[in-house]
Amino acid sequence: MTAVGIDAIEIRSGKLKLDLPNTFAPQKGDDPEKYTKGLGLTNSSFPDVYEDIVTMGANAAKRLMDRKGLEPDDIGRIDVATESAFDHSKPVSTYIAGCLEKVYDGDFVHANKGERKFACVAGTQAVDDAYNWIRAGRNRGRAAIVVATDTALYARGDPGEATQGAGAVAMLIDEEPSLVELSNDQGYGSKDETDFLKPNQQFPSVDGKRSMQVYLSRMREALEDYESVAGDIELDDFAYAPFHTPFPGMVRKAALLAYRHVIRDTEYEDDLAGEIGRQPREHEYDDREAYEAAIREYMDELKTTEQYRTWYDDAVEPTLGLSREVGNWYTSSVHVARVSALRDALERDRDFVGETLLVASYGSGAQAEIHAETVRAGWRSEIDALDIDDQLESRYDLTWEEYEDVHDIHEYDKDLDREIEEFTAPEGEFVFTGWGRMNERKYEYVE
Ligand code: HMG
């Protein structure tokens, strides 16, 4: 069977940054380590005045097309995943295609375009849609572009404010991919939940603590479902495990839970038994409460063992590198985690072709999805071509007052009584220029 998967990937960060320990924490009267150690975040990316989900997505897609030498005729599908859309009818993919048509000779008239919504998991679902379209043989030899793009803003003062971020990931889905091949085995955990939602509002209503429990529950279900189709997971099967990363502290919790699940009834559990005992089994306890207390105690000890730490440092910690610097990018967060892992492999000059990643996506509301991907021969040059370090390095560092302005200007319904100047100068990129006759957003390409 022909391999189908991600041929190339591009990341576009918002061009501004908010320094959490040095700018955010003092304003909140918090210990900076709450952010750097507790949540695991150092900076968040924010969009400049002329940036939004369309410009970030279109700029990522343009770099992808240029780098791969593609013309619009090569693309049969443009799907956007976002939870920051500003229109209930016209999809962001039409805006992005419109931007791209300003700079290429051809057009996307015969490309299917759409928009996927299921909180953060929609990015992975859009990749699946493209995969299925190619597998079904409906692509006429063409590739798909999937763009996951969000301005993940919370209301000012919401506990989620520290986890904000803005950026886009563009992925080229094609046959015989250079980067990773997707497998058919998938596991799902999905339930009607009201932990994080945006009912006709820009900023989310969030029950933060509950959202963390819901994340863990759906992940466990997805893991069990994945094992029911792919067989029991062995610890050494996967080189890295990129998770959806709202903030690295969340992944720390999910990884520990996944580890406990995976080592149960294996030699790894036996090896640890002398040090911390065996995992509590429910039938050994009189009631659920006592069982849960025993589990918590076991987990607290498990996370300090060398065996767990070694696995975590090898397979999970390297997936968090970019996230610490950019915050939550919602639909693209797990795709950023995948790139962090591959960058780690590149830095360590790993012989990596044929290795496998276990990718764990999640979206509030709520659904988790887990699947495996196999690294392909072209991975090294694809990851080497990324310019994300330069982008992060050149971000404009906001003061607190400037951050307040930036938050205000990106609030769609805010009537601003003042002009806010751009903080950076656009160059060789798409920019937002204002609103049109029918309240549509307008864009231009700046040389
Ligand atoms: P909070 O309540 O302000 O923070 O907000 P906290 O008091 O729970 O502290 C956070 C961590 O820092 C804790 O670690 C503290 O102990 C630690 P933990 O105990 O949990 O391991 N801490 C410190 N560590 C070192 N030194 C210190 C210190 N002080 C505290 N001095 C909360 C946290 C997650 C609730 C908030 O950020 C929030 O509401 N975020 C938004 C919701 C969210 O991200 N949920 C995650 C799961 S849901 C999800 O991932 C989906 C999502 O991406 C949306 C989508 O799918 O579309 C959000």
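Structure: above.
The present account deals with the structure reproduced in this document. (Residues numbered from 1 in each chain as written. Predicted model: local features only at pLDDT ≥ 70, side-chain atom pairs only at ≥ 80, totals over all residues. Heavy atoms only, no water.)

### Side note on the packing of aromatic side chains
For step 1, the next point in the chain: The tally for this structure, following the rule as stated, stands at 22 aromatic pairs.
For step 2, the next point in the chain: An angle of 65 degrees between the planes, with centres 5.0 Å apart, marks the rings of Phe430 and Tyr445 as edge-to-face. Of this pair, Phe430 sits in strand E14 (residues 429–435) while Tyr445 sits in strand E15 (residues 441–446), placing them 15 residues apart in sequence.
For step 3, the next point in the chain: Residue class for Phe430 comes out buried when judged on its relative accessible area of 0%.
For step 4, the next point in the chain: Members of the aromatic cluster, joined through ring pairs, are Phe86, Tyr95, Tyr412, Phe432, Trp435 and Tyr443.
For step 5, the next point in the chain: Cation over ring: Lys90 sits above Tyr95, and NZ or CZ is 4.5 Å from the ring centre. (Phe/Tyr/Trp six-rings, centres within 6.5 Å; stacked < 30°, edge-to-face > 60°. Helix = DSSP H or I, 4+ residues; strand = E, 2+ residues; numbered from the N terminus. Buried < 20%, exposed > 50% of the residue type's maximum accessible area, 1.4 Å probe, protein only. Lys NZ or Arg CZ within 6 Å of the ring centre and 35° of its normal.)

### Re the packing of helix H6 (residues 208–230) against helix H7 (residues 248–263)
For step 1, the next point in the chain: The interhelical angle for the contact between H6 and H7, taken along N-to-C directions, is 35 degrees, at an axis separation of 10 Å. Here H6 and H7 pass one another in a crossing that is right-handed. Contacts between H6 and H7 involve Met212, Tyr215, Leu216, Arg220, Leu223, Glu224 and Glu227 from the first element and Met250, Val251, Lys253, Ala254, Leu257, Ala258, His261 and Val262 from the second. (Axes fitted to C-alpha atoms, helices over the stretch in contact; angles between N-to-C directions. Left-handed = near helix turned anticlockwise from the far one by under 90°. Contact = heavy atoms within 4.5 Å.)

### What to know about H6
For step 1, the next point in the chain: Compared with the 33 Å implied by 1.5 Å per residue over 23 residues, the 32 Å span of H6 between its first and last C-alpha is a close match.
For step 2, the next point in the chain: The complete set of buried residues in H6 reads Ser211, Met212, Val214, Tyr215, Leu216, Arg218, Met219, Glu221, Ala222, Leu223, Tyr226 and Glu227.
For step 3, the next point in the chain: On its buried side, H6 packs onto strand E8 (180–190), H7, strand E11 (356–363) and strand E12 (367–375).
For step 4, the next point in the chain: In the stretch just after H6, Gly231 is the one whose phi turns positive, near 90 degrees. (Expected span 1.5 Å × (residues − 1).)

### Considering the pairing of strand E5 (residues 112–116)
For step 1, the next point in the chain: Relative to E5, strand E4 (residues 75–81) is paired through five bridges, and the arrangement is parallel. Looking across to E5, one finds that Asp79 is bridged to Gly114.
For step 2, the next point in the chain: In terms of handedness, the path from E4 via helix H4 (residues 92–101) over to E5 forms a crossover that is right-handed. (Pairing = 2+ DSSP bridges. Right-handed = clockwise from strand over helix to strand, strands pointing away.)

### So, the side chain of Asp174
For step 1, the next point in the chain: Summarising the element assignment, Asp174 is placed in strand E7 (residues 165–175).
For step 2, the next point in the chain: Buried charge Asp174 goes without a salt bridge, the closest partner of opposite sign being Lys68 at 7.8 Å. (Lys, Arg positive; Asp, Glu negative; His and termini not counted. Salt bridge = Lys/Arg side-chain N within 4 Å of Asp/Glu carboxyl O.)

### Things to note about the sheet that holds strand E2 (residues 16–19)
For step 1, the next point in the chain: With mixed pairing, the three strands of this open sheet are ordered in space as E3-E2-E13. At either margin of the open sheet sits one strand with a lone partner, and together these are strand E3 (43–46) and strand E13 (396–397).
For step 2, the next point in the chain: Judged from the four bridges that link them, E2 and E3 form a sheet pairing that is antiparallel. Bridge pairing in E3 places Leu16 opposite Phe46.
For step 3, the next point in the chain: Strands E2 and E3 of the sheet are contacted by helix H1 (residues 20–28), whose axis makes an angle of about 60 degrees with E2.

### Digging into the site of the ligand
For step 1, the next point in the chain: Taken together, 29 residues form the shell around the ligand, and within it Lys34, Glu83, Cys120, Lys209 and Lys253 come nearest.
For step 2, the next point in the chain: With respect to the ligand, the side chain of Ser211 contributes an N or O atom lying 2.8 Å from a nitrogen atom.
For step 3, the next point in the chain: Asn328 places a polar side-chain atom, nitrogen or oxygen, 3.0 Å from an oxygen atom of the ligand.
For step 4, the next point in the chain: Contact with the protein chains removes 75% of the 1100 Å² of surface that the ligand exposes when unbound.
For step 5, the next point in the chain: Only helix H2 (32–39), H6, H7 and E11 provide two or more residues apiece to the shell around the ligand.
For step 6, the next point in the chain: Looking at the shell around the ligand, the element that brings in the most residues is H6, giving five residues.
For step 7, the next point in the chain: Here the shell around the ligand is composed, by residue class, of 14 nonpolar, nine polar and six charged. (Near = heavy atom within 4 Å. Polar contact = N/O pair within 3.5 Å; in protein donor to acceptor, adjacent residues only side chain to side chain. Areas by Shrake-Rupley, 256 points an atom, 1.4 Å probe, with all protein chains shown as cover. Nonpolar A, V, L, I, M, F, W, Y, C, P; charged D, E, K, R; others polar.)

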